[in-house]
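# Coordinate analysis (summary)
Listed here are the chains, written in short residue letters.
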Amino acid sequence: AVVSTQSTGVLPSKALISVDLLNSLLDQFSERITSKAATDAANPKILASLKKFDDASVMLAESSKPSKKGKGGKRGKGGKGGKSRDMDYDEPASFAPVLGPTFLAPDQVAAELANFELFKSAEPKEEETLGEIGDLLKKQLDEKYRIALEEEMRKKTQKSSKAQQRVDEDTINNLYNTIIQCEKGLKVFEDAIRGQIERHILKTLGTDLTKATFSVLAEEYECPYNVETSKMDSLVPYLPKDAKPHATSLISSVTSGSNVAEFLETYTALTDPQFTQLMVRKLDKKKERNLVFAKKQSLLESLKTEEKAGEILSIGSSLIFLKQHSAFLHVPGRCISAVLKIVSEDLPQEEKDMLDALQGEVVTDLRGDGEMGEERKTALRGLITDIVFGKKESEQ
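Summary of the structure given here. Remember, it's a predicted structure, so these values are computed and weren't measured experimentally.

Criteria and cut-off values
- Residues numbered from 1 in each chain as written.
- Predicted model: local features only at pLDDT ≥ 70, side-chain atom pairs only at ≥ 80, totals over all residues.
- Heavy atoms only, no water.
- 1 Å grid on protein atoms, 1.4 Å probe; cavity = no way out; pocket = protein on both sides within 12 Å on 5 of 7 lines; lining within 4 Å.
- Points joined across faces, edges and corners; volume = space filled by probe spheres on them.
- Nonpolar A, V, L, I, M, F, W, Y, C, P; charged D, E, K, R; others polar.
- Helix = DSSP H or I, 4+ residues; strand = E, 2+ residues; numbered from the N terminus.
- Expected span 1.5 Å × (residues − 1).
- Buried < 20%, exposed > 50% of the residue type's maximum accessible area, 1.4 Å probe, protein only.
- Salt bridge = Lys/Arg side-chain N within 4 Å of Asp/Glu carboxyl O.
- Axes fitted to C-alpha atoms, helices over the stretch in contact; angles between N-to-C directions.
- Parallel < 35°, antiparallel > 145°, perpendicular 65-115°, else oblique.
- Left-handed = near helix turned anticlockwise from the far one by under 90°.
- Contact = heavy atoms within 4.5 Å.
- Patch = residues over 30% accessible without salt bridge, like charges linked within 9 Å, V, L, I, M, F, W, Y side chains within 5 Å.
- Areas by Shrake-Rupley, 256 points an atom, 1.4 Å probe, with all protein chains shown as cover.
- Lys, Arg positive; Asp, Glu negative; His and termini not counted.
- Charge placed at Lys NZ, Arg CZ, Asp CG, Glu CD.
- Phe/Tyr/Trp six-rings, centres within 6.5 Å; stacked < 30°, edge-to-face > 60°.

### Here we look at empty space enclosed by the protein
Considering all chains together, one arrives at one cavity of 30 Å³ or more under this definition. Of the volumes computed, that of the largest cavity is approximately 40 Å³. Along its surface, the largest cavity is lined by Cys-182, Gly-185, Leu-186, Phe-189, Ile-197, Ile-201, Phe-321, Phe-328, Leu-329, His-330 and Val-331. In the lining of the largest cavity, the residues fall into nine nonpolar, two polar and no charged.

Structural data, given as structure tokens:
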């Protein structure tokens, strides 16, 4: 007969405890299990223990499958050829038991039971009987705890994945709109210089944008693509038929292309909602002004701290170009002279002469024919600030 403490007021023995009573006791631990799992999911040692337990469980399951070896020979009484019914079975490999993370020790379970209302009125309170019931509960408590722990890990991974997706999306949108801002200023350059600048934009910013986007697409289409080691074209076979030409064209643009406008058009086609959940958006006027302002502030901070003469001149070129054309400048070093020639056209003669003189000193420094002193670097920074803000404002 099944005994219940509610009917007799006596603790049941291990042999007589009912399933309903066992489940009732397990339920009373549920809240603590959930709370402990939430805390322990941040403990590296416990997570390592859980992984070791899961790995051991998989290995044990694999080893328990019998491995059949046919002896060959004749089949049945007729003696005709075929496989023998007699088979050899490999003995399962033996493994040292792996306990994994546990909820409570056996004596702790028994101590917890002694405080339950169900047992407070039960007589006699035999520690041995509580221990027996604790033994029955322990395995199931540990199993429930491990399940709760895995669920907490899944939630944290999912949350981390969503956060990473937002970071990826922000990075991609920033690169995309930066290239748009760079493309806006290309029209002021002559064809020969413009071609060099476009190739530079594509090989640097364009490559970064393409790799970041391909990394997101690879995750969506379950492609084993690694942004650091994989070739970009390794993703293409995994994409939908209509997306493949856009991806291939994008790769050609960043490896050997020289047309930023075509790159942006192709990129927009590849990131169409029919191919990806990635949200790539061109900025509205307000957000565009914020991006330009942030870029200007970043350049000004760099201008204050940069010590190399060539870099000071490059940063200054970007600031003056941004002021005059409301566009970003992203050019190779060999094109800085062409940029300065263009921006100088709109400067007062005095500032133009000063900029030419300081540029000459920077070139001498870069060639190693003479070092530009700190005083002259300060003069270059001051001139750039005067041009960007106006002389009177920069002096305030």
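### Examining unusual backbone geometry
The residue Glu-222 is not glycine, and still its phi comes out positive at about 55°. For Ser-326, which is not glycine, the phi dihedral falls at a positive 50°. Summarising the element assignment, Ser-326 is placed in the loop between helix H12 (309-325) and helix H13 (336-344).

### Re helix H15 (residues 374-389)
Here H15 is 16 residues long and its end C-alpha atoms lie 22 Å apart, about the 22 Å a rise of 1.5 Å per residue gives. Of all the positions in H15, only Lys-377, Leu-380, Arg-381, Leu-383, Ile-384, Asp-386, Ile-387 and Val-388 are classed as buried. Where H15 ends, the next residue or the one after it, Gly-390, has phi of about 95°, a positive value.

### Details of the pattern of salt bridges
The full count for this structure, using the stated rule, is nine salt bridges. In this structure, Arg-32 engages Glu-112 in a salt bridge whose closest nitrogen and oxygen atoms are separated by 2.7 Å. With Arg-32 in helix H3 (residues 30-40) and Glu-112 in helix H5 (residues 106-114), the pair connects residues that are 80 residues apart, well separated along the chain. According to the relative accessible area criterion, Arg-32 is partly exposed, its value standing at 39%. Where Glu-301 meets Lys-304, a salt bridge forms, and the shortest distance between an N and an O atom there is 3.6 Å. One end of the pair is Glu-301 and the other is Lys-304, both in helix H11 (residues 285-305) and three residues apart, which spans about a single turn. Accessibility expressed as a relative area gives 44% for Glu-301, which makes it partly exposed. You can call Lys-304 exposed: its relative accessible area is 59%.

### Brief notes about the packing of helix H8 (residues 191-220) against helix H9 (residues 244-256)
Contact geometry of H8 with H9 gives a least axis separation of 8 Å together with a crossing angle of 150°. As far as their axial angle goes, H9 and H8 are roughly antiparallel. Once H8 is placed against H9, the crossing between them reads as left-handed. Residues Leu-202, Lys-203, Gly-206, Thr-207, Thr-210 and Phe-214 of H8 form the contact with H9, whose participating residues are Ala-247, Leu-250, Ile-251, Ser-253, Val-254 and Thr-255. Of the residues assigned to the contact of H8 with H9, the class counts are six nonpolar, five polar and one charged.

### Some points on a positive patch on the surface
On the surface, Lys-282, Lys-285, Lys-286 and Arg-289 cluster together into a positively charged patch. Its location among the elements puts Lys-282 in the loop between helix H10 (260-270) and H11.

### Considerations on the packing of aromatic side chains
In this structure the tally under the stated criterion is six aromatic pairs. Note on Phe-29 and Phe-103: the rings are 6.0 Å apart at their centroids and 90° apart in plane angle, and the pair reads as edge-to-face. Taken together, the residues Phe-29 in the loop between helix H2 (19-27) and H3 and Phe-103 in the loop between strand E4 (87-89) and H5 connect sequence positions 74 residues apart. Residue Phe-29 is classed as buried on the basis of its relative accessible area, which comes to 1%.

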